[in-house]
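Take a look at the letters that make up each chain.
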Amino acid sequence: MIWNQCVARLERELPEKQLNTWIRPLQPVEEDRVLRLYAPNPFVMDWVREHYLTLISDLVSELSGDPDIKVELGIGSSRASARPSATHAKKQVKASDTPPKGGFSSGLVPGYTFESFVEGKSNQLAHAAALQVAANPGRAYNPLLIYGGVGLGKTHLMQAIGHRILADRPEARVLYVRSERFVADMVKALQHHAMNDFKHFYRSIEVLLVDDIQFIAGKDRSQEEFFHTFNELLEQHHQIVLTCDRYPKEVDGLEERLKSRFSWGLTQAIEPPELETRVAILQRKAQEAGRELEIDVAFFIGQSIRSHVRDLEGALNKVLAYADFRGCPITVEMAKEALRDQLAVQNKLISLDGIQRTVAEYYNIRVADLLSKRRTRSITRPRQIAMALARELTNHSLPEIGDAFGGRDHTTVLHACERVKELRATDHSVDEDYTHLIRILTS
Amino acid sequence: MERDAQLVLALPADPGATFETFTTPPNEAVVHHLTALAAGAHQGDTPCQVLLWGPRGTGKTHLQQAFCRAAAEHGARVALVPLTEFTQTGPAMLEGLEALDGLCLDDIDAVAGDPDWEIGLFSLINAARERGATLVLGSTPPPRSLPLRLPDLASRLLWGTVFGLDALDDAGRSHALRAHARARGFHLPDEVLAYLMRQGPRDMHALMAVLGILDRQSLVRKRRITVPMAREALTRVIHGKGREPG
């Protein structure tokens, strides 16, 4: 292939850096004395045209011995598109002359099924609701909105609904789309004067799964369009499932009428997994990778990584990579070594000092207030929460924590921890603040 | 000197970053992992993600270049985007990159904290995952210390396998210099190596620049490398004249 020879020559003539940024991403299509090079985006195409096209054309003529061979630049790719949109499909055809395979695509990622979802206390209600929706789409809860922090399994549950419905009824028009994609598709449709296609496409979906709906906030035109799509689908008893990173009423820049629509069905929270669930998740993921993870190793990783499932997955991957490299069985010692840098950073970050700063910032008070003798409620409450967080997130002893909070007695710390526990059980806002702070400190 | 410089330009440059020139002991696991990923990238069916972090000169960029080279040899369509160089142009450079088989995004820290870039990276990681592309990310600080605004992006950076690269000690630096000299096809005598270790900078980028000058000098002068040549090269690098083109 002439392009391969050309790249081999460019490897000698251009610095590696330029080669990797501008030449290696080009995809060649050779036909009838024309070498067409597809760039992944207009930016790369323009740069290549300006800086390398002459060089490439000369090389191609020289190597092929044909002075009339033409080099043309375009945008696109011959790999099948995973993006299921009317406008995108159109652009794809225009750009690369290769139509996307198979027409409609659900956008679901294989593997995100109910079977591979690990249920635990933190997600059981959301899991149950998702199962209901999958069994009775358009009837059980509509819309179903699952909210919670990053990496807790919202996307997994949402996609599991889609997979289950498709398994039951393969011809169902199920579409998974991230909200930014919805926005981007709409912008493209507007640019290409294809809004009717866009509307028709989204309004013909039977099960619409929109991930991370918070990203639509502040985008008025998209919200307007989504509002109409939403109404139309609901009228036809088509199912809508949404996810959001927080309680939707708290999303700034989201229109009131959308917030109100979202609460028509069921809004269900998903919490960070507790230790047992983390251990179960690790064992399941290891199994999926064809490996066995001893329970003590799973507990070690689960105890060390407390934030979210992606973090757990990352830690497990690291341990598996080490085991592969060493060719030895996975033990706690080995896991410790594999995760050494990660754990060091995490422990360093969650210091008493860091907790005090984060809590003070969160409640808009000064660190000095936390350490002071002041006993007004606006200070004591954050102080108690900070102490409880120190107890939960660090390995410091009660006297050490007391010392760090202006030389208080360890019984004061103990009292603070108990008080916070009580408050979390009775006062929703305290519980939410606490969970939020843990998320900030551990992610 | 003029003539010397012209001759030098006509000579072959750095033979390029490979995994073979990155065999220093503390980082063998990462090389092993990346080699396997590079060999599988062209199949593009399993999403893989690696994040490399470590101080300047620990080899993040080298490993990404080696990944690109190895993956391209296996027929993959790849790119390496050093984000530092695109901070002014905005995230337009990221558009459509998920269509590649393998993608390296270096210097994530250069754009952390910028809302447009963060959304761009977030969307790209999602799309790359959906399409089964292999992603290699580079960052100077560890991912948890990046000043990110978007928690969604922060969690995605931790998703894959995170490797902290260790800065090389003297033994590691000697080892690396020898390996690079070998790859360039010349011998670095013990006394020159000892001189560089004693007098030279500890920063691998500067040491590599010295090595580049020595390589060209030995070709131009058709002589083996000596300590005075190393001293001269060192002075040039310290005074900022020894940078490689590009």
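Residues numbered from 1 in each chain as written. Chains lettered and ligands numbered in written order. Predicted model: local features only at pLDDT ≥ 70, side-chain atom pairs only at ≥ 80, totals over all residues. Heavy atoms only, no water.

### Quick word on the overall build of chain B
We count it as follows: A run of DSSP states H or I qualifies as a helix once it reaches four residues; a run of E qualifies as a strand once it reaches two. Both are numbered from the N-terminal end. Only heavy atoms matter for contacts: two residues are in contact if any of them lie within 4.5 Å across the pair. Areas reported as accessible are Shrake-Rupley estimates using a 1.4 Å probe. Residue values count occlusion only from the protein chains shown.
Tallying secondary structure elements over chain B gives 9 helices and 5 strands in all. If you list the helices and strands of chain B from N to C, you get α-α-β-α-β-β-α-β-α-β-α-α-α-α. Excluding contacts between residues fewer than 6 apart, the proportion of contacts in chain B whose partners are at least 24 apart in sequence is 75%. Carbon together with sulfur atoms contributes 54% to the accessible area of chain B, which is approximately 10,200 Å² in total.

### Here's the deal with the overall build of chain A
For the record, the criterion: Each residue is assigned to one of three classes by its accessible area relative to the maximum for its type, calculated with a 1.4 Å probe on protein chains only: buried under 20%, partly exposed between the two thresholds, exposed over 50%.
Within chain A one finds 22 helices and 8 strands. Its C-alpha atoms give chain A principal-axis dimensions of about 90 × 60 × 45 Å. Counting the 443 residues in chain A, one finds 52% classified as buried. Long-range pairs, those at least 24 residues apart, make up 70% of the contacts in chain A with a sequence separation of at least 6. Counting only carbon and sulfur atoms, one obtains 50% of the accessible surface of chain A, whose full area is about 20,400 Å².

### Structural notes on the sheet that holds strand β2 (residues 78-82) of chain B
Residues and elements named next belong to chain B. Stated precisely, the cut-off is as follows: Any two strands are treated as partners once DSSP identifies two or more bridges connecting them. Geometry is summarised by axes, namely lines fitted to C-alpha atoms with helices restricted to the contacting stretch, and by angles between N-to-C directions that run from 0 to 180 degrees.
Reading across the sheet, the 5 strands line up as β2-β3-β4-β1-β5 and stay open at both edges, with parallel pairing between neighbours. The sheet terminates laterally at β2 and β5 (161-164), the two strands that pair on one side only. The sheet shows a mean angle of 15° between the axes of neighbouring strands, direction not considered. Judged from the 6 bridges that link them, strand β1 (residues 48-53) and strand β4 (residues 134-139) form a sheet pairing that is parallel. Looking across to β4, one finds that tryptophan 53 is bridged to serine 139. Sitting on the sheet, helix α2 (residues 28-40) touches β1, β4 and β5, and the angle it makes with β1 is about 145°.

### A short note on the interface of chain A and chain B
Rules: Throughout, buried area stands for the accessible area (probe radius 1.4 Å) lost by two parts on being put together, summed over both. We define a salt bridge as a contact between a side-chain nitrogen of Lys or Arg and a carboxyl oxygen of Asp or Glu at a distance within 4 Å. Within 3.5 Å is the distance limit for a polar contact, defined as a pair of N or O atoms, with the added protein rule that one can donate a hydrogen and the other accept it, and that residues adjacent in sequence qualify only through two side-chain atoms. Throughout, the ten residues Ala, Val, Leu, Ile, Met, Phe, Trp, Tyr, Cys and Pro are labelled nonpolar, Asp, Glu, Lys and Arg are labelled charged, and all others, Gly among them, are labelled polar.
Each partner contributes to the interface: chain A provides 56 residues, whereas chain B provides 55 residues. Summed over both sides, the interface of chain A with chain B buries roughly 4,600 Å², with 53% coming from carbon and sulfur. One can count 4 salt bridges joining chain A with chain B. Between glutamate 85 of chain B and lysine 17 of chain A there is a salt bridge, with the nearest N and O atoms lying 3.0 Å from each other. Taken together, chain A and chain B are joined by 14 residue pairs in polar contact (both at pLDDT 80 or more). Of all the secondary structure elements, the ones that give two or more residues to the side of chain A that touches chain B are α2 (16-23), β2 (34-39), α3 (42-51), β5 (174-178), α14 (309-326) and α16 (340-349) of chain A. For the side of chain A that touches chain B, the leading source of residues is α14 of chain A, giving 10 residues. A per-class count over the side of chain A that touches chain B returns 23 nonpolar, 16 polar and 17 charged.

### Overview of the confidence of the model for chain A
Selection rule: For every residue, the predictor assigns a confidence score, pLDDT, that lies between 0 and 100.
In this model, chain A carries an average pLDDT of 87, and 92% of its residues clear a pLDDT of 70 or more. Contacts for the low-pLDDT stretch residues 79-102 of chain A, under 50 throughout, to residues beyond four places or in other chains number 52 contacts.

### Some words on helix α1 (residues 2-13) of chain A
Residues and elements named next belong to chain A. Stated formally: Expected span of a helix, by definition, is 1.5 Å for each gap between consecutive residues, and there is one gap fewer than residues. Relevant arc is that of directions from the helix axis to the C-beta atoms, nothing else.
Taking 1.5 Å per residue as the helical rise, α1 with its 12 residues ought to reach 16 Å, and the 17 Å between its terminal C-alpha atoms agrees with that figure. Of all the residues in α1, the buried ones are Ile2, Trp3, Cys6, Val7 and Leu10. The arc that holds the buried residues of α1, viewed along the axis, is 130°, so those residues lie on one side.

### Topic: the sheet that holds strand β3 (residues 70-75) of chain A
Residue and element names in this part refer to chain A. The 3 strands are arranged β1-β2-β3 in an open sheet whose pairing can be described as mixed. Each having just a single partner strand, β1 (27-31) and β3 make up the two edges of the open sheet. The average angle at which neighbouring strand axes cross in this sheet is 25°, direction not considered. Pairing of β2 with β3, which is carried by 6 bridges, proceeds in the parallel orientation. Opposite leucine 35, over in β3, you have valine 71 as the bridge partner. Packing of α3 onto the sheet brings it into contact with β2 and β3, and relative to β3 it is tilted by some 155°.

### Here we look at the nonpolar core
One broad rule of soluble globular proteins: the nonpolar side chains tend to lie buried together. For clarity, the cut-off: Residues belong to one nonpolar core when they are buried, are Ala, Val, Leu, Ile, Met, Phe, Trp, Tyr or Cys, and are joined through side-chain atoms within 4.5 Å.
Core analysis: the biggest nonpolar cluster contains 55 residues, and Trp3, Ile23 and Ile56 of chain A together with Leu83, Leu103, Leu105 and Leu157 of chain B have the highest contact counts within it. The element best represented in this core is helix α4 (residues 115-131) of chain B, accounting for 6 residues. Setting aside chain neighbours within four positions, we find isoleucine 56 of chain A in contact with Trp3, Cys6, Leu10, Ile23, Leu37, Val48 and Val71 of chain A. Counting residues in each nonpolar core, the second largest holds 50 residues, with Ala286, Phe300 and Val319 of chain A together with Ala29 of chain B among its members.

### Some points on the confidence of the model for chain B
All names here are of chain B. In this model, chain B carries a mean pLDDT of 84, and residues with pLDDT of at least 70 account for 88%. Below a pLDDT of 50 lies the segment residues 242-246, which in the model reaches 13 contacts outside its immediate sequence neighbourhood of four places, other chains included. Here the complex is predicted with pTM 0.73, and the ipTM for its interfaces comes to 0.82.

### Structural notes on the pattern of salt bridges
All chains considered together, the criterion is met by 37 salt bridges over all chains. In this structure, the salt-bridge partner of aspartate 68 of chain A is arginine 33 of chain A, at a minimum N-O distance of 3.8 Å. Of this pair, aspartate 68 of chain A sits in the loop between α4 (53-64) and β3 while arginine 33 of chain A sits in the loop between β1 and β2; the two residues are 35 residues apart in sequence, bridging distant segments of the chain. Of the residues examined, aspartate 68 of chain A reaches a relative accessible area of 54% and is grouped as exposed. Measuring nitrogen to oxygen at the nearest pair gives 2.9 Å for the salt bridge that ties arginine 184 of chain B to aspartate 215 of chain B. Within this pair, whereas arginine 184 of chain B is found in helix α6 (residues 170-184), its partner aspartate 215 of chain B is found in helix α8 (residues 204-221), the two being separated by 31 residues in sequence. Neither arginine 184 of chain B nor aspartate 215 of chain B differs from the other in exposure class; each is buried. Linked by salt bridges that have partners in common, Glu31, Arg36, Lys70 and Glu72 of chain A make up one network.

### So, α4 of chain B
Owing to its 3.6 residues per turn, the α-helix aligns residues three or four sequence positions apart on the same side. All names here are of chain B. For α4, spanning 17 residues, the distance from its first C-alpha to its last is 24 Å, which sits close to the expected 24 Å at 1.5 Å a residue. Most of α4 sits out of view: 12 of its 17 residues are buried. Those residues of α4 lying buried are Trp117, Glu118, Gly120, Leu121, Phe122, Leu124, Ile125, Asn126, Ala127, Ala128, Arg129 and Arg131. Where α4 begins, the side chain of aspartate 114 points an oxygen toward the backbone nitrogen of aspartate 116, at a separation of 3.0 Å. Immediately downstream of α4, the backbone of glycine 132 shows phi near 75°, a positive value.

### Points about the side chain of aspartate 212 of chain A
By secondary structure assignment, the location of aspartate 212 of chain A is in the loop between β6 (207-211) and α10 (220-235). Judged by its relative accessible area of 3%, aspartate 212 of chain A falls in the buried class.

### A closer look at the packing of helix α19 (residues 377-393) of chain A against helix α21 (residues 410-426) of chain A
Residues and elements named next belong to chain A. Heads up, the condition is: For this classification, under 35 degrees means roughly parallel, over 145 means roughly antiparallel, 65 to 115 means roughly perpendicular, and everything else is oblique.
Between α19 and α21, whose axes approach to 8 Å, the crossing angle comes to 100°. Between α19 and α21, the angle falls in the class roughly perpendicular. In this structure, α19 uses Arg381, Gln384, Ile385, Met387, Ala388 and Arg391 to contact α21, whose residues at the interface are Thr412, Val413, Leu414, His415, Ala416, Cys417, Arg419, Val420 and Leu423. Classifying every residue of the contact of α19 with α21 by side-chain character gives 9 nonpolar, 3 polar and 3 charged.

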